Amino acid sequence: MQNTNENFSFKKYAWAQFKKNKIALVSLYLLLALVIIALFAPYIANDRPLYAVYEGNTLYPAFASDTRTDSIYNAEGNFLQVLQYDITDWRQLDLTSVVWTPIPYSPGSMDRYNRDYAAPSGKQRFKNSEGKIIDIPSKFRHKLGTDGIGRDLASGLIHGTRISLMVGLVSMGIASLIGIILGALAGFFGDTKLKMPRIKYWLTLFGFFMGLFYGFGQRKYILSEAFSEGIGDGMIAMLISVGVVIGITMLFRMLSKAIQFEWLNKEVSVPMDTFVSRGIELLNSIPRLLLIITITAVVERSIWIVMIIIGITGWTGIARFTRAEFLRIRSLEFVQAAESLGYSSIRTIFKHALPNALAPVFVSIAFGIASAILIESGLSFLGIGVPDDIVTWGSLLNLGRQNLEAWWLIIYPGMAIFITITIYNMIAEASRDALDPRLKS
Amino acid sequence: MFKYAIKRILTFIPMLIAISLLSFVISINAPGDPVERLSKAAGNEGSAEQQSGASKKIKQEIRKKLGLDLPIFYLSITDLAASDTLYKVQDKYHKANLEALTHQSGNWEAVSEYYSSLLDLQKAHQQVDAKEIVANDSLLSLNTVNEAANQFGFEIGSLLETSDKTIIPLKFDKMNGLLENHVFLSDLKVPLFNVKQSRENLFINATRWKTYVPAISWYGRKNQYHLWLFGNGKDRKGLLRGDFGISYIDSQPIQSKIWQKVGISFSLSLISIFLAYLISIPIGIYSAYKKDSVADKGMSLVLFVLYSMPSFFVATLLLLQFANPDNLSWFPVSGIQDPTIFDPNWSLWMKLKHRMPFLILPIITYTYSSFAFLSRIMRVGMIDVVSQDYIRTARAKGLGEGKVILKHALRNSLLPVITVFAAIFPMAIGGSIIIEVIFSIPGMGVEVFNSILNYDYPMIITVFTLSGFLTMVGYLVADLLYAVVDPRISYK
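Trainee: So, the overall build of chain B: which residues are in play, and what are the values?
Mentor: Counting its regular elements, chain B contains 18 helices and two strands. In terms of overall size, chain B is more extended than a compact globule, its C-alpha atoms giving a radius of gyration of 32 Å where 492 residues would be expected to give roughly 23 Å. By principal-axis analysis of the C-alpha atoms, chain B measures approximately 110 × 60 × 45 Å. Long-range contacts, defined here as pairs at least 24 residues apart, represent 70% of the contacts in chain B between residues at least 6 apart.

Trainee: Which residues make up the overall build of chain A, and what values go with them?
Mentor: Looking only at helices and strands, chain A features 15 helices and nine strands. Computed over the C-alpha atoms, the radius of gyration of chain A is 28 Å, more than 25% above the 22 Å expected from 2.2 N^0.38 for a compact globule of 441 residues. Burial statistics for chain A: of 441 residues in total, 39% are counted as buried. Taking as baseline every contact in chain A between residues at least 6 positions apart, the subset at least 24 positions apart corresponds to 73%.

Trainee: Tell me about the nonpolar core, and please be specific about residues and values.
Mentor: Core analysis: the largest hydrophobic core is formed by 153 residues, its most contacted members being Ile293 of chain A together with Ile460 of chain B. At 17 residues, helix α13 (residues 345–382) of chain A tops the list of elements feeding residues into this core. Residue-level mapping places this core at the junction of two domains, with at least three residues from each of domain 1 (7–46 + 151–194 + 271–441) and domain 3 (110–149) of chain A. Not counting chain neighbours up to four residues away, the residues in contact with Ile460 of chain B comprise Thr294 and Ala297 of chain A together with Val448, Ser451 and Ile452 of chain B. Core analysis: the second largest hydrophobic core is formed by 22 residues, Leu121, Val145, Ile156 and Met175 of chain B among them.

Trainee: Let's hear about the interface of chain A and chain B: which residues, and what values?
Mentor: At the interface, 35 residues of chain A touch 45 residues of chain B. Elements that contribute at least two residues to the side of chain A that touches chain B include exactly α9 (288–298), α13, α14 (393–402) and α15 (408–435) of chain A. Considering each element in turn, the side of chain A that touches chain B owes the most residues, eight residues, to α9 of chain A. Partitioned by chemical class, the residues of the side of chain A that touches chain B number 22 nonpolar, ten polar and three charged.

Trainee: Before we move on, can you summarise helix α8 (residues 272–284) of chain A with the specific residues and values?
Mentor: Residues and elements named next belong to chain A. For α8, spanning 13 residues, the distance from its first C-alpha to its last is 18 Å, which sits close to the expected 18 Å at 1.5 Å a residue. Taken residue by residue, α8 has Asp273, Val276 and Ile280 as its buried positions. End-on, the buried residues of α8 take up no more than an arc of 80°, which puts them together on one face.

Trainee: Please set out the confidence of the model for chain B residue by residue, giving values where relevant.
Mentor: The predicted coordinates of low-pLDDT regions are not to be read in fine detail. Mean pLDDT over chain B works out to 81, with 94% of the residues at or above the 70 mark. Scored as a whole, the predicted complex attains pTM 0.82, and scored at its interfaces, ipTM 0.83.

Trainee: Lay out the packing of helix α4 (residues 153–189) of chain A against α13 of chain A with the relevant residues and their values.
Mentor: Residue and element names in this part refer to chain A. The contact between α4 and α13 brings their axes to 8 Å, and the two run at 140°. One finds that α4 runs oblique with respect to α13. As for how α4 packs across α13, the hand of that crossing is right-handed. When α4 is examined against α13, the residues Ser164, Val167, Gly168, Ser171, Met172, Ala175, Ser176, Ile180, Ala184 and Phe188 are found in contact with a partner set consisting of Ile349, Ala353, Leu354, Val361, Ile365, Gly368, Ile369, Ala372, Ile373 and Glu376. Across the contact of α4 with α13, the residue classes break down as 14 nonpolar, five polar and one charged.

Trainee: How would you explain the environment of Lys174 of chain B if you had to name every residue and give the values?
Mentor: Mapped onto the fold, Lys174 of chain B is located in helix α8 (residues 167–181). C-alpha of Lys174 of chain B to C-alpha of Gln151 of chain B: the two residues are 23 residues apart in sequence and 9.2 Å apart in space.

Trainee: Let's hear about the domain arrangement of chain A: which residues, and what values?
Mentor: All names here are of chain A. Split by domain assignment, chain A resolves into domain 1 (7–46 + 151–194 + 271–441), domain 2 (48–100), domain 3 (110–149) and domain 4 (195–269). Once you take the C-alpha centre of each, domain 2 and domain 3 turn out to be 22 Å apart. Facing five residues of domain 2, the contacting portion of domain 3 comprises four residues. In terms of residue class, the side of domain 2 that touches domain 3 is built from two nonpolar, one polar and two charged.

Trainee: Break down unusual backbone geometry for me, with residues and values.
Mentor: One non-glycine residue with positive phi stands out, namely Tyr117 of chain A, at about 55°. Along the chain, Tyr117 of chain A falls in the loop between β5 (97–99) and β6 (125–127). Phi is positive for Tyr455 of chain B, which is not a glycine, with a value near 55°. Counting through the fold element by element, Tyr455 of chain B comes out in the loop between α17 (444–453) and α18 (457–485).

Trainee: Account for the environment of Ser380 of chain A, with residues named and values stated.
Mentor: Residues and elements named next belong to chain A. The residue Ser380 is located in helix α13 in this model. In this structure Ser380 comes out as buried when scored by C-beta crowding, with 28 C-beta atoms within 10 Å. Along the sequence, Ser380 and Gln336 sit 44 residues apart, while their C-alpha atoms lie 49 Å from each other.

Trainee: Give a description of the sheet that holds strand β1 (residues 51–54) of chain A that names residues and reports values.
Mentor: All names here are of chain A. What the three strands build is an open sheet, ordered β2-β1-β5; its pairing is antiparallel. Looking along the sheet, the strands with just one partner apiece sit at the ends: β2 (57–59) and β5. Shown here is a sheet whose adjacent strand axes are inclined to one another by a mean of 20°, direction ignored. In the sheet, β1 pairs with β5 via three bridges, with the strands oriented antiparallel. Within β5, the residue paired with Ala52 across the bridge is Val98.

Trainee: Tell me about the pairing of β1 of chain A, and please be specific about residues and values.
Mentor: Residue and element names in this part refer to chain A. Only one face of β1 is buried: it carries Ala52 and Tyr54, and the other face, with Tyr51 and Val53, is open. In terms of strand pairing, β1 meets β2 through three bridges, oriented antiparallel. When the sheet's bridge partners are listed, Ala52 is paired in β2 with Leu59. Remark: two residues form the turn of the hairpin made by β1 and β2, two consecutive strands paired antiparallel; Glu55 in that turn has positive phi of roughly 50°.

Trainee: I'd like a description of the pairing of strand β3 (residues 69–73) of chain A, backed by residues and values.
Mentor: All names here are of chain A. With five bridges joining them, β3 and strand β4 (residues 79–84) adopt antiparallel strand pairing. Residue pairing for β4: Tyr73 is matched across the bridge by Phe79. Counting the residues between successive antiparallel strands, the hairpin from β3 to β4 contains five residues, one of them, Gly77, with a positive phi of roughly 90°.

Trainee: How would you explain the packing of helix α12 (residues 333–340) of chain A against α13 of chain A if you had to name every residue and give the values?
Mentor: Residue and element names in this part refer to chain A. Between α12 and α13, whose axes approach to 10 Å, the crossing angle comes to 145°. As for how α12 packs across α13, the hand of that crossing is right-handed. When α12 is examined against α13, the residues Phe334, Val335, Ala338 and Glu339 are found in contact with a partner set consisting of Thr348, His352 and Ala353. In terms of residue class, the contact of α12 with α13 is made up of four nonpolar, two polar and one charged.

Trainee: Quick rundown of the environment of Ser329 of chain B? Include the residues and the values.
Mentor: Residue and element names in this part refer to chain B. Structurally, Ser329 can be placed in the loop between α13 (311–322) and α14 (348–386). Overall, the presence of 11 C-beta atoms within 10 Å leaves Ser329 in the exposed class. Contacts of Ser329, omitting those with residues within four sequence positions, involve Ala323 and Asn324.

Rules behind the numbers
Residues numbered from 1 in each chain as written. Chains lettered and ligands numbered in written order. Predicted model: local features only at pLDDT ≥ 70, side-chain atom pairs only at ≥ 80, totals over all residues. Helix = DSSP H or I, 4+ residues; strand = E, 2+ residues; numbered from the N terminus. Rg over C-alpha atoms; globule rule 2.2 N^0.38 Å. Contact = placed C-beta atoms within 7 Å. Buried ≥ 20, exposed ≤ 12 C-beta atoms within 10 Å, placed from the backbone. Core = buried A, V, L, I, M, F, W, Y, C linked by C-beta atoms within 7 Å. Domains from an automatic or database assignment. Nonpolar A, V, L, I, M, F, W, Y, C, P; charged D, E, K, R; others polar. Expected span 1.5 Å × (residues − 1). Arc of directions from axis to C-beta. pLDDT = per-residue confidence, 0-100. Axes fitted to C-alpha atoms, helices over the stretch in contact; angles between N-to-C directions. Parallel < 35°, antiparallel > 145°, perpendicular 65-115°, else oblique. Left-handed = near helix turned anticlockwise from the far one by under 90°. Pairing = 2+ DSSP bridges.

Listed below in structure tokens is the structure:
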């Protein structure tokens, strides 16, 4: 590779390297397909048709909200019936014209004519609009079979894609935020580089403690109230709390400027690296799955909480990589230039150093997503933490384990988990090779 | 070396304290009231009145035994308004409610007055005797009296547990309504009036500013954490002496149930880690030796794919294929022994022979979950070593390739594999939960799983603490081992 080339950019080089790896490229396209499936899940697998004409009324049931209720009048304007979208069985209605979704079942809806593990190619029954039980028309066949209570497996898999992507996104989002910040601070400052007057150091610690008191201790009831309202309100309240902590810490730091004493103003170094490294060591020395299971046992069952816990326990790898990268970068010329220009440490770290440290971090995030998905599916396989009414790949696989005759409940969800994890691992591995030419053997 | 070991062991201690703190924090945040659980497990029967008297006594005993009448930690950081004697309140929900009320009003005296007036009201309510009322007034039926009294009691109960500003007036209104409609409840009028008075007092005498002032109170060694960890020298021996508390399910001490299970899980994971090493080291050596050959590339891809395969999927597939009457029924589906034939007096060999078919599938799964990972590490380590100068020297002086690899390269390439032992160990412990549940192996994993289903928190916390300890010991051993085999470490 010609480095003297005017147009040379590392991104282009890395992308070119990545593209050379055909398997990884295919994985990337598969990931894109998964994202599309997840985004459009309600229009791929849904009880309600995309488009229907009922007694002369044109309806778009799949696009309407769940709770929508319509009064239906026939062509002469006489009232016929009230349709509540989510509980109406659209298959039973006499629709003059209809476009179904590719899989005409919702993940949670139970088809009572195909209970008790209807096999994909076995006999399946159907009740038509005249109320007769017939052999299932191919349009409504459960192509991947059903579970014990008649839920369609294909639909469960499609909607499970959403959960698995969300798990990766949310948990690794949290983990990256924690990991990158802590890793960057530890790597950049090390144990000796962050110096401040003794009084400032003490007041910062004290201010942080006070911040925790006012942000979380004092706001305890506000927070729990907000979380009981919903996860969105809870998150907003949480952000306010974090803001309070930061604000009060800052206030105390500013206060320290007012105090002038010889001994108190002596510079001491803050062992940033020791703090972070000990934290990483501690978290690494606890079996992660067990920690997560133990925490989920004492908190409410919710898929969001599971994601958050996976994120909070999963930042150590990212922090380690960021730290190592910062240890290397901090002695490079451009960082020293930024420092000698008098930029603040925060600006140097996040604006100048961080963009150059992200490449290896990206790799560990990609590996992290794979393991987050693995953990979530393991948890829902055990039925721990994730509520029973949420259909995930892991919970489907668990149904298969309990009834080994329903092989489709084992093979398909298992393959879905396996393929997704492989995709992420492949992308991670290929981008590591592409981003770090030194590692290429 | 010696210095390094000392240093390493010294860092081990704060980690242990941290783990114990973590498990303690999780355990005190467990939902539900342990006293209720345990007194239910004790199973007291009898008539309602007898029961309330007897169960109250039992509950008090349990509370004392668990140390719940003690403060939680050596010190507590609260605000100025909070009471430092709140831990003496018995009922967990009352306690939480009082805390919330104190937070609202900032005046602990007013809150405790309110609380005691509520308790007075409850007492007065309990003295209402439906039979006596009916005997005095023949117009009333026993049912209406009971119903009204019960409703009133219910309102008192919910007042004791709520601090919601919109709900409390509603409760008062309801109680007022009951009093107006039922003359026979008139005995409760005065206490109810007191409750309302003290409720208003909460706001008149509110000192909200106090909730903004932090305060630290010190309790000394008589606290729940100390008791949990060190015991009290009498009935509680403490975690450090192997007393893990009482299971909620059957009120049995946990340590009597757990050790055997730890043994089962531990031996399974050790066997499988050993097997994983046995398989993966040759594979790693071979791939590195034939680096970039078709065999190496193929093997790498296969290992990579296997590495992405969740162990619970593999386990279910194995069951589907080999323990399923529809396919091949080679192995039993679950358990580690057949209770109808198994005889505990058998010799070790007989036991092993009997258990073998039960254990093959689990061991394959266990081994599988670490072997792909290990092989990849081994290969990378080997490639790294083979490109070193001293290997070139060995080749240059005319040593055969086999001798170069097996004698010179292997020893050094094993170093990373040793450290990985520390990483595999927690993986084996964590992963064992899923695998044990799938194959119904009566080890620690199944124990955790069952206790989660039954909300048996002491058991969950015990397993968590134990595996944390064991993992840390694993790390310690790995680190020390590493220092032994790699002399460069000690000079750091």
